[in-house]
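Structure at a glance
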Amino acid sequence: MSSVPTAPIPTLTTTIPTVLDSVPVILLFLFGVFGNLTALVVLCARRKNHEWRPFYRFVLGLAVTDGGGLLISIPISEYQYLSRFREPLPEPLCEYLAFAYTFTLMSSALIVCCMSVDRFLATFLPLLYSSATKGRRANVTLALVWTTSAALCGLPVLGFGSAKVFYPGSWCFLNFIDTDVTLNMVYSYVYACTGVIIVTLTLFLNLAVILYFLCKRLKCMRNSSTSPSRNLRDFHVIGFLVSIVTVFTSCWFPLMVIVLIICIYHGEDKCISAGPL
């Protein structure tokens, strides 16, 4: 098992974070957990309306993944603030936190992508989409998402890559800083490239669906042939999906780009330092 780089020990010029500095962490926990809990309550309360169609099963999976990820990770980070960082995060705990964060992010990204694929198929391939097994297909897809994410994010525990403590020492993530270690660089490339591909595919699918509905809306304004309630429901679902994609992409995509930039920069440095063959 690879060693976990620890955060630098505070010096006279380094300010130790106080309990007050943990307020953003507490707010993230409260808004994240209660927001996802509210989504679960609303989904269950309105189950007769949506009848657990695939899209809403993915919403349920997203709420469970995101809320669960916060529940199993944020309390540890908060404890570090409460203890005034007396002890650094031990290696096993750091690897656990890194797995929790990377798994939650990757799973959430894949589920959001699945929601976009669901809307794309329902819009452009309705006959294929409207099969009797679409509910079971959504359940299997969620299981595959969680299994694939766990396999990918669990690689550092097996030695393929490593975890690293990040400032202020309350959380861990994949080690994309110490890329002198080849496995760290390779794993960072794999994780970041996977994330960028997922986000790009999600944006493309959503753009296609939005353009379709805009054209459909303009056509309906000229010749009203579609039920107004159906149009309203379609736009409600699309609007909800776009809001989720916008929020998630703006938070996650920049991180993946930063990881790639750091890996590319360090890779070029290694090539330069190696000199000609």
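Since the model is a prediction, treat every value here as computed from it, not as a measurement.

Considerations on the nonpolar core
Counting residues in hydrophobic clusters, the biggest one holds 55 residues, and the most contacted among them are Met106, Met115, Tyr191 and Trp252. Those elements that place two or more of their residues in this core are helix 1 (23–45), helix 3 (54–82), helix 4 (91–124), helix 6 (134–153), strand 1 (163–166), strand 2 (171–174), helix 7 (182–222) and helix 8 (228–274). Among the elements that make up this core, the one with the highest residue count is helix 4 (13 residues). Apart from the residues lying within four places of it in its own chain, the contact partners of Tyr191 are Thr102, Leu105, Met106, Leu152, Cys153, Phe173, Leu174, Trp252 and Met256.

Here we look at the packing of aromatic side chains
Centre-to-centre distance and the angle between the planes together describe a pair of aromatic rings. With the rule as written, the count across this model stands at 13 aromatic pairs. Seen in terms of ring centroids, Phe99 and Phe103 are 5.6 Å apart; in terms of plane orientation they differ by 15 degrees. Their pairing is stacked. Here Phe99 and its partner Phe103 are both found in helix 4, four residues apart, which amounts to about one turn of the helix. We classify Phe99 as partly exposed; its relative accessible area is 26%. Ring centres of Tyr187 and Tyr191 lie 6.3 Å apart, and the angle between their planes is 40 degrees; this geometry places the pair in the tilted category. With Tyr187 and Tyr191 both in helix 7, this residue pair falls four residues apart, about one helical turn. You'll find Tyr187 and Tyr191 in the same group, each marked buried. Within the aromatic cluster, the residues linked to one another by ring pairs are Tyr101, Phe160, Phe166, Trp171, Phe173, Phe176, Tyr187 and Tyr191.

Describing the pattern of salt bridges
Per the stated rule, a full pass over the model turns up two salt bridges. Arg119 serves as the salt-bridge partner of Asp118, at 2.9 Å between the closest nitrogen and oxygen. With a relative accessible area of 5%, Asp118 lands in the buried category. A relative accessible area of 16% places Arg119 in the buried class. Residue Asp178 pairs with Lys164 through a salt bridge whose shortest N-O separation is 3.7 Å. Here Lys164 lies in strand 1 and Asp178 lies in the loop between strand 2 and helix 7, a separation of 14 residues in the sequence.

Topic: the state of the cysteines
This model, assessed by the stated rule, comprises one disulfide. Of the cysteine sulfurs around Cys193, a residue in no disulfide, the closest is that of Cys263, at 8.4 Å. Classification of Cys263 as buried rests on a relative accessible area of 0%.

Regarding the packing of helix 4 against helix 6
Where helix 4 meets helix 6, the closest approach of the two axes is 9 Å, and the angle between their N-to-C directions is 145 degrees. Here helix 4 and helix 6 pass one another in a crossing that is right-handed. Contact residues: helix 4 offers Phe99, Thr102, Phe103, Met106, Ser107, Leu110, Ile111 and Cys114, while helix 6 offers Thr141, Leu142, Val145, Trp146, Ser149, Ala150, Leu152 and Cys153. Across the contact of helix 4 with helix 6, the residue classes tally to 12 nonpolar, four polar and no charged.

Remarks on the layout of surface pockets
A probe as big as a water molecule, rolled over the atoms, marks out the empty space that is left. Here the largest pocket is characterised by a volume of approximately 1,500 Å³. Forming the boundary of the largest pocket are 47 residues, of which Asn36, Leu62, Asp66, Val247 and Phe248 lie nearest the centre. Among the secondary structure elements, those contributing two or more residues to the lining of the largest pocket are helix 1, helix 2 (47–50), helix 3, helix 4, strand 2 and helix 8. Its residues placed into classes, the lining of the largest pocket shows 28 nonpolar, 14 polar and five charged.

Observations regarding helix 1
Helix length check: helix 1, at 23 residues, gives a terminal C-alpha distance of 32 Å against a target of 33 Å (1.5 Å per residue), a fit within 8%. For helix 1, the set of buried residues is Val25, Gly32, Val33, Asn36 and Leu43. Summarising the contacts, the buried residues of helix 1 are in contact with helix 2 and helix 3.

Calculation criteria
Residues numbered from 1 in each chain as written. Predicted model: local features only at pLDDT ≥ 70, side-chain atom pairs only at ≥ 80, totals over all residues. Heavy atoms only, no water. Core = buried A, V, L, I, M, F, W, Y, C linked by side-chain atoms within 4.5 Å. Buried < 20%, exposed > 50% of the residue type's maximum accessible area, 1.4 Å probe, protein only. Helix = DSSP H or I, 4+ residues; strand = E, 2+ residues; numbered from the N terminus. Contact = heavy atoms within 4.5 Å. Phe/Tyr/Trp six-rings, centres within 6.5 Å; stacked < 30°, edge-to-face > 60°. Salt bridge = Lys/Arg side-chain N within 4 Å of Asp/Glu carboxyl O. Disulfide = S-S within 2.5 Å. Axes fitted to C-alpha atoms, helices over the stretch in contact; angles between N-to-C directions. Left-handed = near helix turned anticlockwise from the far one by under 90°. Nonpolar A, V, L, I, M, F, W, Y, C, P; charged D, E, K, R; others polar. 1 Å grid on protein atoms, 1.4 Å probe; cavity = no way out; pocket = protein on both sides within 12 Å on 5 of 7 lines; lining within 4 Å. Points joined across faces, edges and corners; volume = space filled by probe spheres on them. Expected span 1.5 Å × (residues − 1).

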